[in-house]
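Overview (structure and organization)
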Amino acid sequence: QVQLVESGGGLVQAGDSLRLSCAASGGSLTSYAVGWFRQAPGKEREFLAAISWSGGYTNYTDSVKGRFTISRDSAANTVYLQMNNLKPEDTAVYYCAADFGGLWVVRGGGRLDYWGQGTQVTVSS
């Protein structure tokens, strides 16, 4: 059983940057594609970015393309989301998730194998 824990969220001003971390324990993430999602109050969960098990392929939703970068460090058993030029519209709880089925399974969301508990990101104007 793999456990995922997100960290790195906080309160920032518009235009600032944050790096979120998704740390795994209880098992290795090397065989899993991993994605980042967010959910604001009263809104549906939104896909942001995904990375393949090898790190060789990534996919982003249009709203964050060019601002957010997903990466992974197998030695640290951690996946990161670098967020630049943050906007108030980015305010949400950010979640990471992993699935053995690969990048496109993660991209589709739904019933993925593992989810973290989330970290709050708040961007003031």
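Everything below is about the structure shown above.
Presented here is an overview of the structure given in this document. Since the model is a prediction, treat every value here as computed from it, not as a measurement. (Residues numbered from 1 in each chain as written. Predicted model: local features only at pLDDT ≥ 70, side-chain atom pairs only at ≥ 80, totals over all residues. Heavy atoms only, no water.)

On to the overall build of the chain. In terms of regular secondary structure, the chain is built from one helix and 11 strands. Taken from N to C terminus, the helices and strands of the chain fall in the order β-β-β-β-β-β-β-β-β-α-β-β. For a compact globule of 125 residues, the expected C-alpha radius of gyration is about 14 Å, and the chain comes in at 13 Å, within 12% of that figure. Across its three principal directions, the C-alpha atoms of the chain cover 40 × 25 × 25 Å. Looking at the 125 residues of the chain, the share that counts as buried comes to 46%. Restricting to contacts in the chain with at least 6 residues of sequence separation, those with at least 24 account for 59%. Carbon and sulfur atoms make up 47% of the accessible area of the chain, which amounts to about 6,400 Å² in all. If the 10 positive side-chain charges of the chain are averaged to one point and the 10 negative ones to another, these points end up 2 Å apart. (Helix = DSSP H or I, 4+ residues; strand = E, 2+ residues; numbered from the N terminus. Rg over C-alpha atoms; globule rule 2.2 N^0.38 Å. Buried < 20%, exposed > 50% of the residue type's maximum accessible area, 1.4 Å probe, protein only. Contact = heavy atoms within 4.5 Å. Areas by Shrake-Rupley, 256 points an atom, 1.4 Å probe, with all protein chains shown as cover. Lys, Arg positive; Asp, Glu negative; His and termini not counted. Charge placed at Lys NZ, Arg CZ, Asp CG, Glu CD.)

Right, let's get into the packing of aromatic side chains. Inspection of the entire model under this criterion finds four aromatic pairs. Here Tyr 32 and Phe 100 contribute two aromatic rings whose centre-to-centre distance is 5.8 Å and whose plane-to-plane angle is 70°, an arrangement assigned as edge-to-face. Of the two residues, Tyr 32 sits in the loop between β3 (18-25) and β4 (33-39) while Phe 100 sits in the loop between β9 (92-99) and α1 (103-107), which places them 68 residues apart along the sequence. In this structure Phe 100 comes out as exposed when scored by relative accessible area, which is 58%. Relative to Tyr 114, the ring of Tyr 32 lies with its centre 5.7 Å away and its plane at 65°, an arrangement referred to as edge-to-face. Here Tyr 32 is found in the loop between β3 and β4, whereas its partner Tyr 114 is found in strand β10 (residues 114-115), with 82 residues between them in sequence. Overall, Tyr 32 belongs to the buried group, its relative accessible area being 14%. Put simply, the rings of Tyr 32, Phe 100 and Tyr 114 touch in pairs and so form one group of aromatic residues. (Phe/Tyr/Trp six-rings, centres within 6.5 Å; stacked < 30°, edge-to-face > 60°.)

Now for the pairing of strand β5 (residues 46-51). Buried residues dominate β5, accounting for five of its six residues. As judged from the five bridges shared by β4 and β5, these two strands associate in the antiparallel manner. Looking across to β5, one finds that Phe 37 is bridged to Phe 47. Following β4, the chain reverses through six residues before pairing antiparallel with β5; Gly 42 in that reversal takes a positive phi of roughly 75°. Summarising the sheet, β5 and strand β6 (residues 58-60) pair through three bridges and their orientation is antiparallel. In the sheet register, Ile 51 faces β6, and the bridge partner there is Thr 58. Between β5 and β6, which pair antiparallel in sequence order, lie six residues; one of them, Gly 55, sits at a positive phi of approximately 85°. (Pairing = 2+ DSSP bridges.)

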